[in-house]
Number of protein chains: 4
Amino acid sequence: MITTDTLVSFFLETREHTENICKPLEIEDYVVQPIIDVSPPKWHLGHTTWFFEEFILKPHKKGYQLFHEDFAFVFNSYYENVGKRVIRNDRGNLSRPGVAKVYDYRQYVTNEMKDFLSEEISKELEEILLIGIHHEKQHQELLITDIKYIFGNNPLLPKYNDLFSENLSQNFQQEWIDMKEGIYEIGHTNSDEFCYDNELGRHKVYLQNYKISSKLITNAEYLEFINAGGYKDFNLWHAEGWDWVKQNDIAMPMYWHNIDEEWHQYTLKGLQKINLEAPLSHISYYEAFAFAQWKNCRLPTEFEWEAAQQFFEWGSRWEWTESAYLPYPGYTKAPGAIGEYNGKFMVNQKVLRGGSVATSPKHTRPTYRNFFQTNLRWQFTGLRLAK
Amino acid sequence: MITTDTLVSFFLETREHTENICKPLEIEDYVVQPIIDVSPPKWHLGHTTWFFEEFILKPHKKGYQLFHEDFAFVFNSYYENVGKRVIRNDRGNLSRPGVAKVYDYRQYVTNEMKDFLSEEISKELEEILLIGIHHEKQHQELLITDIKYIFGNNPLLPKYNDLFSENLSQNFQQEWIDMKEGIYEIGHTNSDEFCYDNELGRHKVYLQNYKISSKLITNAEYLEFINAGGYKDFNLWHAEGWDWVKQNDIAMPMYWHNIDEEWHQYTLKGLQKINLEAPLSHISYYEAFAFAQWKNCRLPTEFEWEAAQQFFEWGSRWEWTESAYLPYPGYTKAPGAIGEYNGKFMVNQKVLRGGSVATSPKHTRPTYRNFFQTNLRWQFTGLRLAK
Amino acid sequence: MITTDTLVSFFLETREHTENICKPLEIEDYVVQPIIDVSPPKWHLGHTTWFFEEFILKPHKKGYQLFHEDFAFVFNSYYENVGKRVIRNDRGNLSRPGVAKVYDYRQYVTNEMKDFLSEEISKELEEILLIGIHHEKQHQELLITDIKYIFGNNPLLPKYNDLFSENLSQNFQQEWIDMKEGIYEIGHTNSDEFCYDNELGRHKVYLQNYKISSKLITNAEYLEFINAGGYKDFNLWHAEGWDWVKQNDIAMPMYWHNIDEEWHQYTLKGLQKINLEAPLSHISYYEAFAFAQWKNCRLPTEFEWEAAQQFFEWGSRWEWTESAYLPYPGYTKAPGAIGEYNGKFMVNQKVLRGGSVATSPKHTRPTYRNFFQTNLRWQFTGLRLAK
Amino acid sequence: MITTDTLVSFFLETREHTENICKPLEIEDYVVQPIIDVSPPKWHLGHTTWFFEEFILKPHKKGYQLFHEDFAFVFNSYYENVGKRVIRNDRGNLSRPGVAKVYDYRQYVTNEMKDFLSEEISKELEEILLIGIHHEKQHQELLITDIKYIFGNNPLLPKYNDLFSENLSQNFQQEWIDMKEGIYEIGHTNSDEFCYDNELGRHKVYLQNYKISSKLITNAEYLEFINAGGYKDFNLWHAEGWDWVKQNDIAMPMYWHNIDEEWHQYTLKGLQKINLEAPLSHISYYEAFAFAQWKNCRLPTEFEWEAAQQFFEWGSRWEWTESAYLPYPGYTKAPGAIGEYNGKFMVNQKVLRGGSVATSPKHTRPTYRNFFQTNLRWQFTGLRLAK
């Protein structure tokens, strides 16, 4: 049972952390949306704020005055139940509200929430509050990866700061962990600890004998794949993966640059020579699959990953799995707008497990299910082999 | 063990059946390709023939003369290992080779095969021959559904013939079949009976308690969904399903027409009043899912379907399942072109189980895994509920 | 004044000539539409017939029975005033009505017209009849160029026949014809001879001194442009022409093939070595302009062409001019559907003057204004320099 | 002959005026590019600066140090001769260089230019300088119209300032000015006054009798067209204009809003009730043409406009003409990058004559030829009738 004080601190810390992430930005950096998957930082700041206003303050705080009546339109993301919204690929076309105004909005809502939380709240509201906090934590990760995209695709290649280490070394020998055939329990136990609805419904699955690697694939290993012509051999690829390679002239992970015959990668610290020992990052599912084919291995399913995760280190890369993103047995989505959080995306996406250097503290766990379309690469996505 | 005589008969029957399907066509009907998923009938005739030429006669028959050296280019479908090919959406742009020439090609290859099969063949070749026969049976089904599309989207709505019954009634009461939690075996047992590589690797899965309907959803039931505003309530749909509905103005199954307030459907016998008791057909996965949501049910997984299939009638509709099309444990694709048959499509598609009124005799079985993208509707696709 | 007998003969000859053009075709060749600009031959046969039915028989012949009530829908081209129609890029998706049926339709309408023309008709009707005949002659040219496209883009490169000579030699020395500054009269004199409304309004224009070539550019001259890198030097091109070159990988005229280092061109007689002395053909306006730039010359305006045309030979190629397709002073379009013939296309197209080897007899004249979008190449388009 | 002092003042005034236009902007407003035709204000600031650096300082000033070596890549617009550049629709994806940096760049180049101009310069350089100044004036107009687009398509509809009057009334009676048939001289006389190369080549044209209106079409007149169903009658439109209307759901000029049955328009002063007497603005060529058709009139040609312009007031709207944008007789483009200024756009655009409330002082004249694609509406485009 969480005390209200703990909740308030958690809320305030989270709000502050979001703003800290944006500290190194100049005002211009808050505005742009170079691709549809990347939202402008000021939109993240406003959207995470709108969530608290829309689902807590507006329906539950007596006499609450909206900060601005048009902000729901501007900062709603995809909640069809909540009315019209700016279409997603127009977010980068809006110069107003300006950054200062968005910070005012944040301050206003944070204060109103503080005031609101000074009194006891119901169990139901506490749950929505926790969703709001974790929702903001998810956007903290997106903020970092979106900022990386904004900088990493600018011809001047500005750096974010000098501190953000994205390429942790894995100083240990690779091993194959042996997992025995049998029944395993999968999913969150629904204890007091927070989790999303898509993790619930702990249930049994039957797994066959399998081996899973103790180590993520490194840049050095992936370079071998490139040098062996991996991007040119259609036998390694799914048919639609091969089309994706051809249509987009893909020949290396996102952010890699071959400059004067030397491999570099753009990182949040700026352009650097490639770190061969660091875990590979910024690949699509298609690339992860093709690499595994080339190695005569495969990607683990999300169930194999979860069953074995206690035996290896994880958390620096989101790891592509072979599993499609589907509901667990007995999954039911919540009624209304909150129900739009997860369920409606359960088609044509792949599950990723783990977490990444951009994931906020206390925001991942062994049962956490992240998910993306198979072509996306702007997250810190990597891969671990199974066989 | 199949005797060679049986094999030869099987081969010849299959070849003849393909040609029988085309009997009602006029020459013009063989040529067109109204959408990319629908191939011109003459292309099917040539492509199924090319398969035997390319994988059996050319490499294995001594002194075999190609019928025409450009036909591999014209009639290859997607086998990247076999060289260049006409791009898929250009098939309907080719008036030559003409229909008579394609029939000559068929005759030539059938005769050469008969000659070739008059002597013993190796086990390996027998397997390729069986794949070729079953490949042609798959194209027989596609021929029927493609012809339906060609006629059903022509403003004159010509009929195919007067005999093809696509709307079999289900004269029995709907019941919920109770299935108990536990371990089930899934996949083909790899006995002598033919199956595709994607069915192999019989393995255990753990299923929770579930109920599955004994009956397919009927047109009458789907009409209730339409009348209740099912196509207008985004809460029932996946996010990308909803986009699909909006962008394509979808408001009813394919081939349905509301004429003067009365519901009709185009069938291979021509335009008819809707048969309310017949099983629903020509819906996308998105529609199947939304309907199930509206009923507070869900679609079965392919494992649930296979475990329960002995308890209900099936075979008139391909049934959408909730399962993504993924490899079974231990799946490995064959080397070379034959290996391109199944494995490279195992991403972003859904499994369908059952069979349809258009499926050729001896061409489906309880372990058969069909698969399509989630938006496709030109097959005889229906749905069965689970919960 | 044309006598009725002359008119009837003219009508019947024209109808017959259309059918003669199609004699070498197989049934399949009548059906396909490989690009939106190319219509299926059976559509041309039906559409030219529909024109007489829609604008003469239906409104003016007592007791006329439509051949088929859906044919107006199938064979209308762009006449918005006449109701709905099959959208243009769906023409190649229609296998029905079949070719035999379309010939029945032609026969029926031709007979009904013969019957109708056995009695005197009004001056107004005579004008519409003449438009109908010339409309069919225009489609005769399109039939030939569309058939060339259908065959020339088929991997088997079938020939149309052995007689059609498209590459007439120009056995004479190139000369620069000097034209003096001053006032010239442009446009049709509106005598009894037939012309389109876009030629009418004979009017004065003031031309500066100019020179115009007596000879069309030959394949040999164009080859020099290719060899000099003309397709790689953006300075020669319009900005949108350069985009067109880049996006479509254009490096030579349509129908040219470089086979084993030797230049060939597909002609209606099949694939042949390039005829260096023949006039260049199948180029876009962009290419014509770039070539002229490279020669330090320019294209003539349509006025310069018309004023000088008596001094040079023309008629084997449609010649791109620098003139945009605009109304002549005093141009007014006819009321109703006939008014849609020309006026509504007078934007973003270029005027071509001359005629081509595919133009029907009696169908061009010094004042004739043909027009196409700047990127189109499937007509027999060539170029003549001015300076 | 311009004195150097005059030139320097002209240069400095122009530079300052650009910056004054941006005074009301917040930093965020400098960054966005909501459609491809609208560039971010900071891009305009940088691009006009780059022009002087690239064409004057870099080649001609001894020891000149580039401000930043990547800025040519960022701020080049379309000059293929000057190397690679950011593709046009990526301009709004660049947060860096930031606004302050761009102002530093301006200051640096302005100072270097001042220094450079303290000594005599050659006639050739003076010409390039004048082009640079007028180039910047053109961008001043674009700045205003782009800012209007950025604000006018923001859901908050912010205003630019309270002073910018775009809707000047025309307090006089409409009259038809009679112009007599005959020879007129068109084009710039190439005196000392600056003009662009596309105005040069003063030459004779022959005009027929015509009448031209003394007054621009007002909002009130255009409202009649809307109310009479002008947007629904395809007979009034070009074929491609009608497609444009249908595909984009066009039913009114850009920036018009029908709010609670009352017509409003977004102006640089914010949203206002429509000013019925003000000249119509923000229409495409297609709309101008359709309106003229509806009035049984037509648009003037650019020659008719130029010949008559001394008899009417003009300058508040750019006026669409019927003339395609084509070279004048004898037009030759300058060698190298400067030659890319005008000539390469001379295809598929229409000429506009006049000027607008956004046109900078001393930047238009009777021979000035502006040009845009037929569908564009974000400039202050209006129309004047002829017949």
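Since this is a predicted model, take the numbers as computed values, not measurements.

K.L.:
Before we go on, may I ask you to explain helix H7 (residues 239-248) of chain D in this structure?
P.N.:
Think of an α-helix as 3.6 residues a turn; residues three or four steps apart then line up on the same face. Residue and element names in this part refer to chain D. Taken as a whole, H7 has its buried residues at Gly241, Trp242, Trp244 and Val245. Mapping the buried residues of H7 onto a view down its axis gives an arc of 155 degrees, with all of them on the same face. Structurally, H7 contributes buried residues whose contacts are with helix H8 (285-294).

K.L.:
When you look at the pairing of strand S9 (residues 350-354) of chain C in this model, what are you seeing that I'm missing?
P.N.:
Note on strand geometry: in a regular strand, side chains alternate between the two faces of the sheet. Residues and elements named next belong to chain C. Of all five residues that make up S9, five are buried, and the element is covered over most of its length. Neither face of S9 is exposed, since Lys350, Leu352 and Gly354 on one face and Val351 and Arg353 on the opposite face are all buried. Bridge count for strand S8 (residues 318-324) against S9 is four bridges, and the pairing is antiparallel. Directly across from Glu319, in S9, lies its bridge partner Arg353. As paired elements, S9 and strand S10 (residues 370-372) share three bridges and run antiparallel to each other. Note that in S10 the partner of Lys350 across the bridge is Phe372.

K.L.:
I would appreciate a short explanation of the interface of chain B and chain C in the present structure.
P.N.:
When the parts of a complex come together, some accessible area is lost, and that lost area is often used as the size of the interface. Across the boundary between the two partners, chain B contributes 29 residues, which contact 29 residues of chain C. Buried surface at the junction of chain B and chain C, summed over both partners, amounts to about 2300 Å²; 60% is from carbon and sulfur atoms. Of all residues in chain B, Glu28, Arg96 and Leu156 of chain B give up the largest surface area on contact with chain C, accounting jointly for 31% of the area buried on that side. At the surface where chain B touches chain C, the tally comes to four salt bridges. Among the ionic pairs, Asp29 of chain C bridges to Arg96 of chain B, the shortest N-O distance being 2.6 Å. For the pair chain B and chain C, the number of links is eight residue pairs in polar contact (both at pLDDT 80 or more). For the side of chain B that touches chain C, the elements supplying multiple residues, two or more each, are helix H3 (71-75), helix H4 (99-117) and helix H5 (123-152) of chain B. It is H3 of chain B that contributes the most residues to the side of chain B that touches chain C, three residues altogether. Partitioned by chemical class, the residues of the side of chain B that touches chain C number 17 nonpolar, seven polar and five charged.

K.L.:
Please explain the relation of the copies chain A and chain B as it appears in this structure.
P.N.:
Think of it as a corkscrew move, a rotation about one axis and a shift along it, taking one chain copy to the other. When chain A is brought onto chain B, the operation consists of a screw motion whose angular component is 180 degrees and whose axial shift is 0.0 Å, with 0.0 Å RMSD remaining. When the rotation and shift are considered jointly, the pair of chain copies conforms to a two-fold rotation axis. Here 100% of the interface residues in chain A have copies in chain B that are interface residues too; the copies meet face to matching face.

K.L.:
Explanation requested: the sheet that holds strand S11 (residues 381-382) of chain C in the structure shown.
P.N.:
Sheet strands pair via backbone hydrogen bonds, and the direction of the pair is either parallel or antiparallel. Residues and elements named next belong to chain C. Taken together, the four strands give an open sheet; going across it, the order is S10-S9-S8-S11, and neighbouring strands pair in mixed fashion. At either margin of the open sheet sits one strand with a lone partner, and together these are S10 and S11. As judged from the two bridges shared by S8 and S11, these two strands associate in the parallel manner. Residue pairing for S11: Trp318 is matched across the bridge by Thr381. Packed on one face of the sheet, helix H8 (residues 285-294) meets S8 and S9 and runs near 85 degrees to S8.

K.L.:
Help me understand the interface of chain A and chain B in this model?
P.N.:
Taken together, the contact pairs 36 residues of chain A with 36 residues of chain B. On the chain A side of the interface with chain B, the three residues burying the most area are Tyr206, Val347 and Asn348 of chain A, jointly 20% of the side's total. Summed over the shared surface of chain A and chain B, the result is zero salt bridges. Applying the counting criterion to the chain A and chain B interface returns ten residue pairs in polar contact (both at pLDDT 80 or more). When contributions to the side of chain A that touches chain B are tallied by element, the ones reaching two or more residues are strand S3 (203-207), helix H7 (239-248), helix H8 (285-294) and strand S8 (318-324) of chain A. The dominant element in the side of chain A that touches chain B, judged by the number of residues it contributes, is S3 of chain A, at four residues. Split by residue class, the side of chain A that touches chain B holds 16 nonpolar, eleven polar and nine charged.

K.L.:
Even after reading the chapter, I still don't get the domain arrangement of chain A, so can you show me in this structure?
P.N.:
Residues and elements named next belong to chain A. Looking at chain A, the domain boundaries give domain 1 (4-153) and domain 2 (176-386). With centres defined by C-alpha atoms, the gap from domain 1 to domain 2 works out at 27 Å. Each partner contributes residues to the interface: domain 1 has 29 residues there, and domain 2 has 28 residues. Roughly 2700 Å² of surface becomes buried between domain 1 and domain 2 when both sides are summed, with 62% attributable to carbon and sulfur atoms. Inspection of the domain 1/domain 2 interface yields one salt bridge. Between Lys362 and Glu13 there is a salt bridge, with its nearest N and O atoms 4.0 Å apart. Seen at the junction of domain 1 and domain 2, the total is 13 residue pairs in polar contact (both at pLDDT 80 or more). At the level of secondary structure, the elements contributing two or more residues to the side of domain 1 that touches domain 2 comprise helix H1 (4-22), helix H2 (41-60) and helix H5 (123-152). At 16 residues, H5 tops the list of elements feeding residues into the side of domain 1 that touches domain 2. For the side of domain 1 that touches domain 2, the per-class residue count stands at 13 nonpolar, nine polar and seven charged.

K.L.:
Honestly, the packing of H1 of chain A against H5 of chain A in this entry has me stumped. Any pointers?
P.N.:
Helix packing for two helices is described by the angle between their axes and how far apart those axes are. All names here are of chain A. Where H1 meets H5, the axes come as close as 10 Å, and the angle between the chain directions of the two elements is 15 degrees. Relative to H5, the element H1 is oriented roughly parallel. As for how H1 packs across H5, the hand of that crossing is left-handed. The segment H1 lies against H5, with Leu7, Phe10, Phe11, Thr14, Arg15, His17, Thr18, Ile21 and Cys22 engaging Glu126, Leu129, Leu130, Ile133, His134, Glu136, Lys137, Gln140, Leu143, Ile144 and Ile147. Taken together, the residues of the contact of H1 with H5 break down into eleven nonpolar, five polar and four charged.

K.L.:
Sorry, what's going on with the sheet that holds strand S7 (residues 270-273) of chain A here?
P.N.:
All names here are of chain A. One open sheet holds the three strands; their spatial order is S5-S6-S7, and the pairing between them is antiparallel. Edge strands, defined here as strands with exactly one partner in the open sheet, are strand S5 (256-259) and S7. Across the sheet, the axes of successive neighbouring strands diverge by a mean angle of 35 degrees, strand direction being ignored. Sheet topology places strand S6 (residues 262-267) next to S7; four bridges connect them, and they run antiparallel. Bridge assignment links Gln265 to a residue of S7, and that residue is Gln272.

K.L.:
It is not clear to me how the relation of the copies chain B and chain C should be interpreted in this structure. Could you clarify?
P.N.:
Relative to chain C, chain B is turned by 180 degrees and slid 0.0 Å along the rotation axis, the superposed coordinates differing by an RMSD of 0.0 Å. When the interface residues of chain B are mapped onto chain C, 97% of them again lie at the interface, so the same face is used by both copies.

K.L.:
Can you walk me through the confidence of the model for chain A in this structure?
P.N.:
In low-pLDDT regions, the fine details of the predicted coordinates are not to be read closely. Counting all residues, the mean pLDDT for chain A is 94, and 98% of those residues have values of 70 or more. This prediction of the complex comes with two scores: 0.95 for pTM and 0.95 for ipTM.

K.L.:
Is there a simple way to explain the packing of aromatic side chains in this structure?
P.N.:
Each aromatic ring pair is described using two quantities: the centre-to-centre distance and the angle formed by the ring planes. Across all of its chains, the model carries 152 aromatic pairs over all chains by this definition. Judged by centre distance (5.7 Å) and plane angle (35 degrees), the rings of Tyr231 of chain A and Trp237 of chain A are tilted. Comparing Tyr231 of chain A with Trp237 of chain A shows no difference in burial state: the two are buried. Considering the side-chain rings of Phe303 of chain B and Tyr328 of chain B, the 6.4 Å spacing of their centres and the 40 degrees angle between planes classify their relative orientation as tilted. Of the two residues, Phe303 of chain B sits in helix H9 (residues 302-308) while Tyr328 of chain B sits in the loop between strand S8 (318-324) and strand S9 (350-354), which places them 25 residues apart along the sequence.

K.L.:
Quick question: what am I supposed to make of the pattern of salt bridges here?
P.N.:
When the charged atoms of two side chains with opposite charge come close together, those side chains can pair. Enumeration according to the criterion identifies 90 salt bridges over all chains in this entry. The salt bridge partner of Glu287 of chain B is Arg377 of chain B, with a shortest N-O separation of 2.9 Å. On the criterion of sequence distance, the pair formed by Glu287 of chain B in helix H8 (residues 285-294) and Arg377 of chain B in the loop between strand S10 (370-372) and strand S11 (381-382) is long-range, its members being 90 residues apart. By the burial criterion, Glu287 of chain B is buried, and Arg377 of chain B matches it. Of the charged contacts, one joins Asp178 of chain D and Lys211 of chain D as a salt bridge, the two residues approaching to 3.0 Å between their closest N and O atoms. Linking Asp178 of chain D in strand S1 (residues 176-179) with Lys211 of chain D in strand S4 (residues 210-213), this pair joins segments that are 33 residues apart in sequence. Classification of Lys211 of chain D by relative accessible area gives partly exposed; the value is 30%. The structure contains a network of salt bridges with shared partners spanning Arg15, Glu19, Arg106 and Glu136 of chain A.

Each value, and the rule that gives it
Numbering of residues begins from 1 in every chain and follows the order in which that chain's sequence is written. As a convention, the first chain written is A and the first ligand written is 1, with the rest following in written order. In view of the model being predicted, local features appear only for residues whose pLDDT reaches at least 70, and side-chain atom pairs are presented and counted only at 80 or more, with totals across whole chains, interfaces and linings using the full set of residues. In computing side-chain properties, one takes all heavy atoms of the structure into account and sets aside hydrogens as well as water. For each residue, the accessible area found with a 1.4 Å probe, counting protein chains only, is set against the maximum for its type, and the residue is called buried under 20%, exposed over 50%, and partly exposed in between. Strands here are runs of E lasting at least two residues and helices are runs of H or I lasting at least four, both read from the DSSP assignment and numbered beginning at the N terminus. This arc describes the spread of directions from the helix axis toward the C-beta atoms. For this analysis, residues touch if any pair of their heavy atoms sits within 4.5 Å. Only strands that DSSP links by at least two bridges are regarded as paired with each other. Summed over both partners, the accessible surface that disappears when two parts come together, traced with a 1.4 Å probe, is what is meant by buried area. Just to be clear on terms, a salt bridge is a Lys or Arg side-chain nitrogen sitting within 4 Å of an Asp or Glu carboxyl oxygen. Here a polar contact is taken to be a pair of N or O atoms separated by no more than 3.5 Å, where protein atoms must pair a possible hydrogen donor with a possible acceptor and residues adjacent in sequence count only if both atoms sit in side chains. In this classification, Asp, Glu, Lys and Arg are treated as charged, Ala, Val, Leu, Ile, Met, Phe, Trp, Tyr, Cys and Pro as nonpolar, and every other residue, Gly included, as polar. Copy-to-copy superposition: least squares on the C-alpha atoms, limited to residues that have pLDDT of at least 70 in both copies. Helix axes are fitted only over the stretch in contact, all axes being lines through C-alpha atoms; the angle between N-to-C directions runs from 0 to 180 degrees. Bear in mind that the domain bounds are from an automatic or database domain assignment. Note on terminology: angles under 35 degrees are roughly parallel, angles over 145 are roughly antiparallel, angles of 65 to 115 are roughly perpendicular, and the others are oblique. By convention the crossing between two helices is left-handed if the near helix lies anticlockwise of the far one by an angle smaller than a right angle, and right-handed if it lies clockwise. One number per residue, pLDDT, summarises how confident the predictor is, and it ranges from 0 to 100. Centres within 6.5 Å are what make two rings of Phe, Tyr or Trp a pair, Trp counting through its six-membered ring; a difference in plane orientation under 30 degrees is then read as stacked, over 60 as edge-to-face, and the rest as tilted.

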